[in-house]
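Examining the three-dimensional arrangement
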Amino acid sequence: CVYMTPTTITLSIHHHQRHPEGIVSLAYKEYEGADMCVSRMNGRFYGGHLVEAAHWDGLTNFEVEETQGERDQRLDKWHQFIGDNQPEPKQEAASQKTEN
């Protein structure tokens, strides 16, 4: 859908990384481009998965927030990867210092 014609230019593509259904949003300059993308992509297979393409209802928020535990785990893995032996202090420890 990104490479259709010059008149149906995609303004942005956003992958909602933490969404369990693998949601990807595309924003088009003209509604005709969005209509064309939905009609061409809905029901097709991509990477062995069925694509469900539809227009956004204007209300649904597809963002899934990272939990504190997921954040801590991600940062610990990052510090191990870069060889940093002193990971960032946990959020709770930092907030306790400001309370005292």
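Everything quoted here is computed from the prediction, not taken from an experiment. (Residues numbered from 1 in each chain as written. Predicted model: local features only at pLDDT ≥ 70, side-chain atom pairs only at ≥ 80, totals over all residues. Heavy atoms only, no water.)

Quick look at the overall build of the protein
Helices and strands together make up the secondary structure of the protein, namely three helices and four strands. The buried share of the protein, taken over its 100 residues, is 15%. For the protein, the share of sequence-separated contacts (at least 6 apart) that also reach a separation of at least 24 residues comes to 28%. Carbon and sulfur atoms provide 53% of the accessible area of the protein, an area that totals close to 8,500 Å². (Helix = DSSP H or I, 4+ residues; strand = E, 2+ residues; numbered from the N terminus. Buried < 20%, exposed > 50% of the residue type's maximum accessible area, 1.4 Å probe, protein only. Contact = heavy atoms within 4.5 Å. Areas by Shrake-Rupley, 256 points an atom, 1.4 Å probe, with all protein chains shown as cover.)

Describing the confidence of the model for the protein
Summary statistics for the protein give a mean pLDDT of 76 and a share of 73% for residues scoring 70 or more. The least confident element of the protein is helix H3 (residues 91–99), whose mean pLDDT is 55; the most confident is strand E3 (residues 45–46), at 90. (pLDDT = per-residue confidence, 0-100.)

Let's talk about the pattern of salt bridges
All chains considered together, the criterion is met by one salt bridge. A salt bridge links Glu-66 to Arg-74; the shortest N-O distance between them is 2.8 Å. (Salt bridge = Lys/Arg side-chain N within 4 Å of Asp/Glu carboxyl O.)

Here we look at a nonpolar patch on the surface
A cluster of nonpolar residues, Ile-13, Val-24 and Leu-26, forms a patch on the protein surface that exposes about 250 Å² of accessible area. Tracing the chain through its elements places Ile-13 in strand E1 (residues 10–15). (Patch = residues over 30% accessible without salt bridge, like charges linked within 9 Å, V, L, I, M, F, W, Y side chains within 5 Å.)

Regarding helix H2 (residues 68–82)
Given a rise of 1.5 Å per residue, 15 residues ought to cover 21 Å, and the 21 Å separating the end C-alpha atoms of H2 matches this to within 8%. Residues of H2 that are buried include every one of Asp-72, Leu-75 and His-79, and no others. Down the axis of H2, the smallest arc covering the buried residues is 70°, so these residues share one side. Structural note: H2 exposes Lys-77, Gln-80 and Phe-81 on the side pointing more than 90 degrees away from its buried face. At the C-terminal side of H2, Gly-83 shows a positive phi close to 80°. (Expected span 1.5 Å × (residues − 1). Arc of directions from axis to C-beta.)

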